[in-house]
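Chains, contacts and geometry: an overview
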Amino acid sequence: MLKVKDDLNMSVFSAADYDDHEQVVFFSDQDTGLKAIVAIHSTVLGPAVGGCRMWNYPTEQDAIDDVLRLSKGMSLKNAMADLGLGGGKSVIIGDPRTDKTPELFKAFGRYIDRLGGHYITAEDVGIEVDDIQIVATQTKYVAGLETGDHPSGNPSPYTAHGVFYGIKAAVRHRLGKKDLGGLTVLVQGLGHVGYNLCRELHEAGAKLVVADINQGNVDRVTSEFAARAVGPEAIFEQPGDVFAPCALGAVLDDHTVLKLKVPVIAGSANNQLKRDHNGEELRRLGILYAPDYIINAGGIIQVANEVHGRDTDVDEGMKKVEEIYGTLMEVFDEADKEGKATNQIADTIAGRRIEAARASK
Ligand code: NAD
C-alpha cells in the first residue's frame, strides 16, 4: 500500500517537473486511439497558450515529463515576451508519420474544447498546419491557423526569424561582430524551424554545418544552401562559431557541453538544458547561451496576435519578432553584470513578472 502511495507521489505532485502546475489533464479516446496530455502551468497572465507535440514517446512517463517541462517553459516564454498569456502545452502520444487520422485530431479538438479556453493549442513538433485546421473544426481554442478572423499562419518561419535575430545578438555580444557573413553555424534539426533558419543564415553569408536524423531533410538543406552534413552525434563536436539546436530538448547535458567547440549556443529547441546547472557550466566554459524560451518566442509572438484578435501582415509580424534581439541583449548584459548564467537571469525576470501579476490579483 505504502509502495503505491510512494510511486504515485514520485510521478505526479512531487515529480521534479510538476512544479506547481495548475492543471494536468489526460485524454483517452477509444474510437480513435487518441492518447493526449494537456498541462496548464499557469493562467495568471492570461489563458495558457502553447503548441501540441506529437511524438512516439518510449514510455508514458517520458510523455508526462516532456509536457510538464514544455508547459512551464511556455509560462516563462510568454511572460518574458510580455504577451498577456499564460503557459501550457499538450502532447499526443503516437508516431506523426503513421498514426495521424482526421478523426484523431477531431477527438483532440473536442477534448480541448472541454477545457473552456483555459488552454489554447497550436502547432509544435510533429504537428502541421493541416492537423491544426482539423482541430479547429471542433473548438475555437486553437491558433496558428491559416483561416479564420485573424489567422497568424504557420508559426515556424516567425520562430526561425527570431532565432536568426537571436544569433545576431549573441554573436554581437560574444564575438563583437555585427553580421554573420563568413561565420560557421552548426544547425541540429532541419525541420520547420531549422530549414527556415538555414535559409536566412545562408542569405546572410554564414557557412552551415548541419545534422538531422531524417535524410530527406539533410538532402534538402545541403543542396539548397550549400551546407555540409555531419552525423547526429558528430554535430556537437564540430568547430564553429554558433551551435543552433533546433531538434528536441535536453541536448545540453553534463556530457555534451564538454564536447562543444563553439563560443555561442543559440537555437530554437525548447528546454535545451537538461538541467539548470548545465547553464552555469556553459558560463564557466565561456560559452554564451541564448536562453531557449527567449530566442524561440517568434512563433508565439505571432500566434499571440491571433489569440488577442489583432490583424497583422507578415512584415509587421516579422518586425515585432526582431525585438528578441533587444531582449536577449538585456539578459546578456545583466548576466555579465551579476556574474550569473543567462538562463538564471531569464528565469528570475520571467518569474518576477508572473509573481507580480499573481500578487496584484
Ligand atoms: P520539426 O519536427 O519540424 O523538426 C525537428 C527536426 O529535428 C526534424 O527534422 C527531426 O528529424 C530532427 N531531429 C530529431 N531528433 C534529432 C536528432 N537527434 N539529431 C538531429 N535532428 C533530429 O520541429 P520544428 O517545428 O522545426 O521545431 C524544432 C524545435 O524548435 C523543437 O524543439 C520545438 O519545440 C522548437 N520550437 C518550435 C517552434 C515552431 O514555431 N515550430 C516554436 C518554438 C520552439
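Thresholds, definitions, all that
- Residues numbered from 1 in each chain as written.
- Predicted model: local features only at pLDDT ≥ 70, side-chain atom pairs only at ≥ 80, totals over all residues.
- Heavy atoms only, no water.
- Phe/Tyr/Trp six-rings, centres within 6.5 Å; stacked < 30°, edge-to-face > 60°.
- Lys NZ or Arg CZ within 6 Å of the ring centre and 35° of its normal.
- Domains from an automatic or database assignment.
- Contact = heavy atoms within 4.5 Å.
- Buried area = accessible area lost by both parts, 1.4 Å probe.
- Salt bridge = Lys/Arg side-chain N within 4 Å of Asp/Glu carboxyl O.
- Polar contact = N/O pair within 3.5 Å; in protein donor to acceptor, adjacent residues only side chain to side chain.
- Helix = DSSP H or I, 4+ residues; strand = E, 2+ residues; numbered from the N terminus.
- Nonpolar A, V, L, I, M, F, W, Y, C, P; charged D, E, K, R; others polar.
- Expected span 1.5 Å × (residues − 1).
- Buried < 20%, exposed > 50% of the residue type's maximum accessible area, 1.4 Å probe, protein only.
- Arc of directions from axis to C-beta.

1. Examining the packing of aromatic side chains
For the structure shown, the criterion picks out five aromatic pairs. Ring centres 5.8 Å apart and planes at 75° place the aromatic pair Phe164 and Tyr165 in the edge-to-face group. For Arg220, the ring lying beneath its charged end belongs to Tyr195, and the centroid distance is 3.7 Å.

2. Some thoughts on the domain arrangement of the protein chain
How big an interface is tends to be stated in terms of the accessible area lost upon association of its parts. Structurally, the protein chain comprises domain 1 (2-135) and domain 2 (156-297 + 325-346). Placing the centre of domain 1 and that of domain 2 at their C-alpha centroids yields a distance of 26 Å. Contact with domain 1, which involves 14 residues of that partner, is made by 15 residues of domain 2. Considering only the surface of domain 1 that becomes buried against domain 2, Arg69, Lys77 and Met80 emerge as the three largest contributors, covering 50% of it. Across the contact surface, domain 1 and domain 2 share one salt bridge. Between Asp17 and Arg275 there is a salt bridge whose closest N-O contact spans 3.7 Å. For the pair domain 1 and domain 2, the interface holds six residue pairs in polar contact (both at pLDDT 80 or more). Among the elements of the structure, β4 (52-55) and α2 (60-80) are those that each provide at least two residues to the side of domain 1 that touches domain 2. Its residues assigned to classes, the side of domain 1 that touches domain 2 comprises six nonpolar, one polar and seven charged.

3. A few points about helix α12 (residues 324-338)
Between its first and last C-alpha, α12 extends 21 Å over 15 residues, near the 21 Å set by a 1.5 Å rise per residue. Regarding α12, the residues found buried are Ile324, Leu328, Met329, Val331, Phe332 and Ala335. Axial view of α12: buried residues confined to an arc of 165°, hence all on one face. Counted as exposed and oriented over 90 degrees from the buried face of α12: Glu330 and Lys337. Trailing α12 by a residue or two, Gly339 shows a phi angle of about 65°, which is positive.

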